[in-house]
Each structure stands twice: as structure tokens, then as C-alpha cells.
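Listed below are the residues making up each chain.
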Amino acid sequence: MPLNAKIPSGPIEQKWDRHRFDLKLVNPANKRKFDIIMVGTGLAGGSAAATLAELGYNVKAFCFQDSPRRAHSIAAQGGINAAKNYQNDGDSIYRLFYDTVKGGDYRSREANVHRLAQVSVNIIDQCAAQGVPFAREYGGTLDNRSFGGAQVSRTFYARGQTGQQLLLGAYQALERQIGAGKVTMYPRTEMLDVVLIDGRARGIVTRDLITGEVSSHAADAVVLATGGYSNVFFLSTNAKNCNVTAIWRAHRRGAHFANPCFTQIHPTCIPVSGDYQSKLTLMSESLRNDGRIWVPKTKGDERPANQIPEAERDYYLERKYPSFGNLVPRDVASRNAKEVCDEGQGVGPSGLGVYLDFAEAIGRLGKEAISERYGNLFEMYEKITGEDPYEVPMRIYPALHYTMGGLWVDYNLMTSVEGLYAIGEANFSDHGANRLGASALMQGLADGYFVLPYTIGDYLSKHMDEKVTTDHPAFAATEAEVRDRTEKLLAIDGSRTVDSFHRELGKLMWDHCGMNRNDAGLRLALEKISALEEEFWRDVKVVGSSDTVNQSLEKAGRVADFFELAKLMCYDALERTESCGGHFREESQTPEGEALRNDEDFSYVSAWGYNPDGAPQLTKEDLEFEYVKLTQRSYK
């Protein structure tokens, strides 16, 4: 069955305004009659829950952390994009729209991206009014800095703590609604399934992570705001508990999963330091504003960085991409870093690193100015590596970061399951094959503050008197399935830890479905992942019981979902025989070794349906480019 994206007609700059007028409304007295479940309380979920509650809806909000303040949104510290043109350097809503479509390598919907650019200007006003301490110019106006993939300064920031400060703003709004009794908060609670009645999402089944209690919650609509799934690679910049379980269980219930193989490689990560490392640490992309990236020109040069003269340094991004230099998009910067390291020019003990050097900026601006911009990031780097970046260059290397794939949603942010919405990183909608830096915070807050509160009312208005309670047999049946899966994991009593399986799966994915891919490698990965998954269900060791705190059980359930996701990612990558964004298909490259996109055959969204008995089923949503001309990207 074809998917209906419900993109409004008319000129692109009028689509969202017209659509808002055409949406059906729920009057204030009736809003009090509706219950909405919000799973995830990071930037997208927290802002949406607060806004919906303020409108009058009754919201049940769930997170597996002890507080919404611990959401992974705090890790996006570099800034948030908005087309306010405070710098008077040529920015506009249209330019932000254009840069985002181009930066995503022409694999996103024009209508969604233009809406994102439109509402971006409102986000800054909203957050400033909440008290978010954005950096300011001498005269008091909000400051901006540059980010990759743009030639204008449109990124608003709060030193190196932007995500944290924005999250605190949304959290305060959420807490106000909790105090008013409009939001009921369920911390330390994990969603394990969606309950469908007559094809509509009517609730969820959860497990209390303290008591182990499995329970059901009914509502008129369910919203998933649970972030991305880069932890399928084991080593990523995501917090250790980030997982795919919520959206994957929704996928198993019928929600299409779009572009699963589109994962972002972030170029500015602290290199891996040992075999037993459990996660990677991201250094903000904002550092590329003033840091210059280079490697020694001579292969195998192991001299300390400060002893290598300028003439013997290769500032390869500035050399290859003079128009953008060190501020090329993340996929371009990452692929080039891997390339110079593969050629033997990498630095550090492993040879998998490049220098990010601030000497020139410190000499030009002074140490105090650099400290004001990046001080907390420099402190973090020194604590982790023992090296002072004011004195010696940082060492960085690409790492798995954001995921552009996610649940397929239409223009209203509803999945292919009626009444089930996905917002923020949990959906696929705005970034195509590569997200521009500082756009994650923008999308999360756009969805939560300004899009979902409009579109969800249109759906609810059509289902005024169709209440269900957890007494409906569908809830008991779904609870039984959740308990059966839990007991199955506990009963295996094998010999291998959950982490050992996860680490092995992650290496398979990085080797065969990471930055570089090819047909033979992806087919081999599918075979090995299936064999490893069989071994997992035969030999994993999950200690403890289900009726208490049990992190081993939590991880086992999440890794079991990662196995299924990994196979879907490989199917998606195998089907897409083009190089696109950070996804370099070795069979598709120019004579110069640059990525070669194939617009004739692959200008579509890959939306996959779940098939428990075999290969997943592909549905294609064709992408049309009326306003941004399809060209091979060039940042030279």
C-alpha cells in the first residue's frame, strides 16, 4: 500500500500556514477530555508535553531516566540554527531551507524542511523568553557563530552548553505543567510495546525499572520522542542507555521504518583509546569555527604536533574545499579524515586521529576569547585525555552520532499507524542522508513546540467519543507478550554477557554498514548478524529476576532489538546502491574518489514494513524537488 505523506498543495512558503488553517481544531473545553501519552522527555518530548498540557490536554509522560533533565539532548552543546539573519550576512528562511536540503544530499522532503526553516525563527524567541542564556553581542543582541555546511552565521549558542540550557528551559515548562496537574510524570519507566485497537494506537505497555512491574496505560494518542539508535554500533557518541526499543516495538506493530541505514558520522570525536572502551565522547562541531584541521604531510610522522613546522602540515580540508574549509558538512569532514588516516597520515597512538589546532585562533583572538567560547569543552577534553588543548592540538576522529533514519511520518508527524506519532530524532523527516550541525536541537523543538501541538488536534477532533480503558482485552494480550519475552530472556541462562554480544554486533556494523559499504560486505554482515543473533538467543546470560532492578535484563531486551534493527539497516544499505551523505557505497564513486549520488534511481524515501517471517517489505515514497535543483554537491 502506498504511503500518503499528506503534503499540502500550493507554493512552498505558504504550505504550512495554509495547512494550519485547514486543520480541524479541538475547542478548549474538549481538550480536557483527551489523554495523550508522551514517551521520552528530552527536547522534543519535553517541549511537546509541556505545550500540549498548556493547551489543556491531559499528558502522561514517560522516561527511563530518573529525571527529564538527564535526556541525551544535553549532549548537543554546540548550538541551534535559526534563520533570523542577526548578522546581516545574507541569511533567510529560504537559505536555511536550501542549505538543509543540500546538506542532506537531497534525500529529504522539501515541504518538511521549509516548515522547519520557517518555525526556526520562533524557537529562539520562545527559548529566550524562557530564560535560556544565549550568548550575546556587546550591544546585547543575541550572538551567532558558524557551523558546517553554511556560509552564514545562523547558530545561536550558550557557550558550549546549548543543549543543556535548552533542555532546562523545556524542563521548567514541563515542571510547571506537572505542578498544575496537567502532566503526570512516570520516571524510571521503559515502554516495551504499543497497544493497537482496530488499527489505532490506544496505549502502551511499560516496565517499572525499579520494581519490575509491567503495566498498561491507555490514551487517545501516543507520541514517541525517544531519540536515535546509533548505539547499534556499540561505540557511539550516544549515552549508554540510548536505544531503539520504543520505535522498534512500534515498527513490529506496523509502523514503517524509514531510511534506517542513514546514520551520521560526526567528525569531531575523541579517538578510541582502548579495546574495552564502552562509549565515545563528542567534541562539539562548534570547535571547527576556530580550530584548523591538519595532519603531517609525511606518512608515519610521529613528532609532537608543535615540532612539525607549517610547511610540513597538510590542512587538507582547506586545501580541498577552499570555499568552506574546515566548515564543510559533517559527512565530508568525516570521510576525508578517514581517508587521510587510511593513507597513513593519521596521528596518535592508533594512527586513527587528526589534529584540531587552536594555535592560530589563540594568537589572533587571545586565550580569554577562546575560553569564553569553548572553555567547558576544553576542560572536558583535558580531563579525558590529560592534554591541554590551549597548548597542544586536540586529536579527533569520526564516530557514529545522530541517526537520520527513524519511523516514517507524514507531514503531520503521524506514523503509518493511526494515532501514533514520532517526533525529534525518533522520526526520519527533515535531514535526508546527512544532518547539518546545530539542526538536531532545531528539529526537536520545532516538532515539540510548534508542529505537533497543531497537527495532533486534527486527529483527535475526529475521535471525540471513542474512549478505551486498560480493561480492553488488547491491553492484557500485549502485557502477556511483554512478559513472555522477558521470561524467555531470563530462561536462557547461557554463558556470554549481553555486552559481549553487543560489542561484536557493533563491530560488524561499523566494518560493513558504517562509513564505507559494498555489496559483498553487506551480504556477509547479514549472514554473520543472523548467526550471532541465533547464538544470543541460545547463549546469553541474563542474571537476576524480572521483579526488581535488573539492568542486565534491560540491556538484553534492547540488544535483542538492535539485532533486528541491524539486519534492516543492512537490507536498506544493500538496496541503496548509491553514495549519499556519509554513506559511501564503494561501487558508486567519481574518478576522483568522491561520493556519487544516483538521483535517477534513488530519489525516494525507503520505508520498510516489518515481516516476521523473512526479508522486510520496501515501500518507496518518491521525493520531488521543485525548489532546490538536484546537483552533485560541491563545497569547493
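None of the values given here were measured: they were computed from a predicted structure.

Student: A description of the overall build of the protein should follow, citing residues and the corresponding values.
Tutor: A tally of regular secondary structure across the protein gives 17 helices and 21 strands. Its C-alpha atoms give the protein a radius of gyration of 24 Å, within 12% of the compact-globule value 26 Å for 636 residues. Its C-alpha atoms give the protein principal-axis dimensions of roughly 75 × 60 × 50 Å. Taking all 636 residues of the protein together, the buried fraction comes to 62%.

Student: Break down the sheet that holds strand β1 (residues 35-39) for me, with residues and values.
Tutor: Strand order in the open sheet formed by five strands is β5-β2-β1-β9-β17, and the pairing between neighbours is parallel. Of all strands in the sheet, those with a lone pairing partner are β5 (183-186) and β17 (420-422), marking the two edges. For this sheet, the mean angle separating the axes of adjacent strands, direction not counted, is 20 degrees. Along the sheet face, helix α3 (residues 43-55) touches β1, β2 (58-62) and β5 and points at about 165 degrees away from the line of β1.

Student: Describe in detail the packing of aromatic side chains, supporting the description with residues and values.
Tutor: Evaluation of the coordinates by the stated rule reveals 24 aromatic pairs. Considering the side-chain rings of tryptophan 248 and tyrosine 610, the 6.4 Å spacing of their centres and the 90 degrees angle between planes classify their relative orientation as edge-to-face. With tryptophan 248 in helix α7 (residues 245-252) and tyrosine 610 in the loop between β20 (604-609) and β21 (617-622), this pair connects stretches of sequence that are 362 residues apart. Among the residues examined, tyrosine 610 registers a relative accessible area of 25% and is labelled partly exposed. The cationic tip of lysine 102 hangs over the ring face of tyrosine 635; the distance from NZ or CZ to the ring centre is 4.6 Å. In this structure, arginine 558 packs its charged tip against the face of phenylalanine 64, placed 5.0 Å from the ring centre.

Student: Before we move on, can you summarise the side chain of arginine 395 with the specific residues and values?
Tutor: Relative to the helices and strands, arginine 395 is located in strand β15 (residues 394-403). In this structure the side chain of arginine 395 is engaged in a polar contact, spanning 3.3 Å, whose partner is the side chain of glutamate 387. In this structure arginine 395 touches Cys269, Ile270, Pro271, Val347, Gly348, Pro349, Val354, Tyr355, Tyr381 and Glu387, once residues within four positions along its chain are discounted.

Student: Give me unusual backbone geometry: which residues, what numbers.
Tutor: The phi dihedral of aspartate 198 is positive, around 55 degrees, even though this residue is not glycine. Position of aspartate 198 among the secondary structure elements: in the loop between β6 (189-197) and β7 (200-208). With relative accessibility at 78%, the residue aspartate 198 sits in the exposed group. Phi is positive for alanine 438, close to 75 degrees, though the residue is something other than glycine. Examined against the element boundaries, alanine 438 turns out to sit in the loop between β17 and α12 (440-460). The class of alanine 438 is buried, set by a relative accessible area of 5%.

Student: Give me the lowdown on the state of the cysteines, citing residues and values where you can.
Tutor: For the coordinates displayed, the defined rule picks out zero disulfides. Here cysteine 570 is not cross-linked by a disulfide; its sulfur's nearest cysteine counterpart is in cysteine 513, at 4.4 Å. Overall, cysteine 570 belongs to the buried group, its relative accessible area being 0%. Here cysteine 580 stays free of any disulfide, with the sulfur of cysteine 261 as its closest cysteine sulfur at 8.6 Å.

Student: Lay out the pattern of salt bridges with the relevant residues and their values.
Tutor: Summed over the entire model, instances satisfying the criterion amount to 52 salt bridges. Between arginine 364 and aspartate 290 there is a salt bridge, with the nearest N and O atoms lying 3.7 Å from each other. With arginine 364 in helix α10 (residues 359-365) and aspartate 290 in the loop between β11 (263-269) and β12 (292-296), this residue pair connects regions lying 74 residues apart in the sequence. For arginine 364, a relative accessible area of 47% translates into the label partly exposed. Overall, aspartate 290 belongs to the buried group, its relative accessible area being 7%.

Student: Give a description of helix α16 (residues 551-575) that names residues and reports values.
Tutor: For α16, spanning 25 residues, the distance from its first C-alpha to its last is 36 Å, which sits close to the expected 36 Å at 1.5 Å a residue. The buried fraction of α16 is high, at 20 of 25 residues. If you check the start of α16, you find a side-chain oxygen 3.2 Å away from the backbone N of serine 552, and it comes from asparagine 550.

Student: Please set out α7 residue by residue, giving values where relevant.
Tutor: For an α-helix the count is 3.6 residues per turn, leaving residues at separations of three or four pointing the same way. Counted residue by residue, α7 has seven buried out of eight residues, so it is predominantly covered. Of all the positions in α7, only Thr245, Ala246, Ile247, Trp248, Arg249, Ala250 and His251 are classed as buried. Looking at the residues trailing α7, positive phi occurs at glycine 254, about 125 degrees.

Student: Run through the nonpolar core, naming residues and quoting values.
Tutor: Among the nonpolar cores identified, the biggest contains 139 residues, and Met38, Ile80 and Leu452 are the most heavily contacted of them. By residue number, the principal contributor to this core is α16, which donates 13 residues.

Student: Which residues make up the sheet that holds strand β14 (residues 354-357), and what values go with them?
Tutor: Taken together, the five strands give an open sheet; going across it, the order is β11-β15-β14-β12-β13, and neighbouring strands pair in antiparallel fashion. Of all the strands in the sheet, the pair left with one neighbour each is β11 and β13 (313-314). Bridge count for β11 against β15 is four bridges, and the pairing is antiparallel. Of the residues in β15, the one forming a bridge with cysteine 269 is tyrosine 397.

Student: Outline the pairing of β14, supporting the account with residue identities and numerical values.
Tutor: Covered by surrounding structure in β14 are Val354 and Leu356 together with Tyr355 and Asp357, the residues of both alternating faces. As paired elements, β12 and β14 share three bridges and run antiparallel to each other. Bridge assignment links tryptophan 294 to a residue of β14, and that residue is tyrosine 355. Taken together, the three bridges between β14 and β15 define a ladder with antiparallel strand orientation. Bridging across to β15, tyrosine 355 finds its partner in arginine 395.

Thresholds, definitions, all that
- Residues numbered from 1 in each chain as written.
- Predicted model: local features only at pLDDT ≥ 70, side-chain atom pairs only at ≥ 80, totals over all residues.
- Heavy atoms only, no water.
- Helix = DSSP H or I, 4+ residues; strand = E, 2+ residues; numbered from the N terminus.
- Rg over C-alpha atoms; globule rule 2.2 N^0.38 Å.
- Buried < 20%, exposed > 50% of the residue type's maximum accessible area, 1.4 Å probe, protein only.
- Pairing = 2+ DSSP bridges.
- Axes fitted to C-alpha atoms, helices over the stretch in contact; angles between N-to-C directions.
- Contact = heavy atoms within 4.5 Å.
- Phe/Tyr/Trp six-rings, centres within 6.5 Å; stacked < 30°, edge-to-face > 60°.
- Lys NZ or Arg CZ within 6 Å of the ring centre and 35° of its normal.
- Polar contact = N/O pair within 3.5 Å; in protein donor to acceptor, adjacent residues only side chain to side chain.
- Disulfide = S-S within 2.5 Å.
- Salt bridge = Lys/Arg side-chain N within 4 Å of Asp/Glu carboxyl O.
- Expected span 1.5 Å × (residues − 1).
- Core = buried A, V, L, I, M, F, W, Y, C linked by side-chain atoms within 4.5 Å.

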